[in-house]
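Chain and residue survey
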Amino acid sequence: MRLVAEFGLALLPRALRGPRRDVSVTVVLTGPGGGTWTVPLSRTPGRDAGLISACAVDFCRLVAGRWPPDAFPHASEGDRELTRDLIRAAATLGCD
């Protein structure tokens, strides 16, 4: 699980559509394969603009295209539009 989660998180900055933002997002995944990651959304990340918390297994299902982004169980804080965009981008990765 951890390898799939790390791979998906590493791809997220490039998968995010729209203008690059000089911010980062913290992702906390719980359970097997879980951990805490900071995802920089540009080469010069600035402040931490959001937090996404979810089950690592569910996140791996999301990045494998097996969980629709609108139904993905998670908690988020900070910039809600940004965290929503990241979840939608994660669902397009096809990491299975």
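Parameters at a glance
Residues numbered from 1 in each chain as written. Predicted model: local features only at pLDDT ≥ 70, side-chain atom pairs only at ≥ 80, totals over all residues. Heavy atoms only, no water. Helix = DSSP H or I, 4+ residues; strand = E, 2+ residues; numbered from the N terminus. Rg over C-alpha atoms; globule rule 2.2 N^0.38 Å. Buried < 20%, exposed > 50% of the residue type's maximum accessible area, 1.4 Å probe, protein only. Contact = heavy atoms within 4.5 Å. Areas by Shrake-Rupley, 256 points an atom, 1.4 Å probe, with all protein chains shown as cover. Pairing = 2+ DSSP bridges. Disulfide = S-S within 2.5 Å.

1. Looking at the overall build of the chain
Regarding its fold elements, the chain presents three helices and four strands. Against the globule reference of 12 Å for 96 residues, the chain gives a C-alpha radius of gyration of 12 Å, in line with a compact fold. Per-residue burial over the chain gives 44% buried out of 96 residues. In the chain, the proportion of contacts linking residues at least 24 apart, taken out of those at least 6 apart, comes to 60%. Summing over all exposed atoms, the chain offers an accessible surface of approximately 5,300 Å²; the carbon and sulfur share of this is 54%.

2. Things to note about the environment of A54
Take A54: it is sitting in strand 3 (residues 48–55). Overall, the relative accessible area of 6% leaves A54 in the buried class. A sequence separation of 27 residues divides A54 from V27, and the C-alpha atoms of the two residues are 8.1 Å apart. Once you skip the residues sitting within four places of it in the chain, A54 turns out to touch V28, L29, T30, F72, P73 and H74.

3. Structural notes on the pairing of strand 1 (residues 24–30)
For strand 1, the tally of buried residues reaches five of seven residues, placing the bulk of the element in the interior. Note: strand 1 against strand 2 (residues 35–40), six bridges, orientation antiparallel. Bridging across to strand 2, T26 finds its partner in T38. Counted along the chain from strand 1 to the antiparallel partner strand 2, the turn is four residues long, and its residue G31 has a positive phi close to 85°.

4. Focus on the side chain of D58
Note on placement: D58 falls in helix 2 (residues 56–63). Beyond its immediate sequence surroundings of up to four residues, D58 is in contact with W67, F72 and P73.

5. Digging into the state of the cysteines
Applying the stated rule across the entire model yields zero disulfides. In this structure C55 is not part of a disulfide, and its nearest cysteine sulfur, from C60, lies 8.5 Å away. A residue is classified by how much of its surface remains accessible, and C60, at 8% relative accessible area, is buried.

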